[in-house]
Amino acid sequence: MSAFIIVLITIICIFSVTLIVKKQFDDAKSKLGTFKAMGYSNRELLVYFVATPFLIAGVGALMGYIIMMAAQNALVAVFLNYFSLQSTTVHSF
């Protein structure tokens, strides 16, 4: 079940990044000729259009990781009380 959720989230993320890149490309389509005339190569333009969404996704993933590392003990305590399990400590890496 967890493998399915991971695959589903990965597919949704790839789809979202694809939509962001396509929208950014459509918005800047009129500027591409100007960039080419200024000497930008196709590779430089591709890196620009792909790097922005991945940078945003990376910052979001890092922020999510930091927030969850800070909140994990509180969440574990909630689940321990809910399921009446014995107390354990969570070790951070």
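Residues numbered from 1 in each chain as written. Predicted model: local features only at pLDDT ≥ 70, side-chain atom pairs only at ≥ 80, totals over all residues. Heavy atoms only, no water.

Considerations on the packing of helix α2 (residues 29–37) against helix α3 (residues 42–83)
It is at 10 Å that the axes of α2 and α3 come closest, and there the two elements cross at 135°. The orientation of α2 with respect to α3, classified from their angle, is oblique. In this structure, α2 crosses over α3, and the sense of that crossing is right-handed. Facing L32, F35 and K36 of α2, the residues of α3 in contact are N42, L45 and F49. Residues belonging to the contact of α2 with α3 are distributed by class as follows: four nonpolar, one polar and one charged. (Axes fitted to C-alpha atoms, helices over the stretch in contact; angles between N-to-C directions. Helix = DSSP H or I, 4+ residues; strand = E, 2+ residues; numbered from the N terminus. Parallel < 35°, antiparallel > 145°, perpendicular 65-115°, else oblique. Left-handed = near helix turned anticlockwise from the far one by under 90°. Contact = heavy atoms within 4.5 Å. Nonpolar A, V, L, I, M, F, W, Y, C, P; charged D, E, K, R; others polar.)

Concerning the packing of aromatic side chains
For the coordinates displayed, the defined rule picks out one aromatic pair. Each ring, one from F35 and one from Y40, has its centre 5.5 Å from the other, and the planes form 80°; the classification is edge-to-face. A residue is classified by how much of its surface remains accessible, and F35, at 24% relative accessible area, is partly exposed. (Phe/Tyr/Trp six-rings, centres within 6.5 Å; stacked < 30°, edge-to-face > 60°. Buried < 20%, exposed > 50% of the residue type's maximum accessible area, 1.4 Å probe, protein only.)

Focus on the environment of L19
Looking at the element boundaries, L19 is found in helix α1 (residues 2–27). Since its relative accessible area comes to 44%, L19 is described here as partly exposed.

Some words on the packing of α1 against α2
Packed helix pairs are specified by the crossing angle of their axes together with the interaxial distance, meaning the distance between the axes. Axis separation between α1 and α2 bottoms out at 5 Å; the angle between their running directions is 70°. Classified by the angle between their axes, α1 and α2 sit roughly perpendicular to one another. Within the contact between the two elements, α1 uses F25, D26 and D27 and α2 uses K29, S30 and L32.

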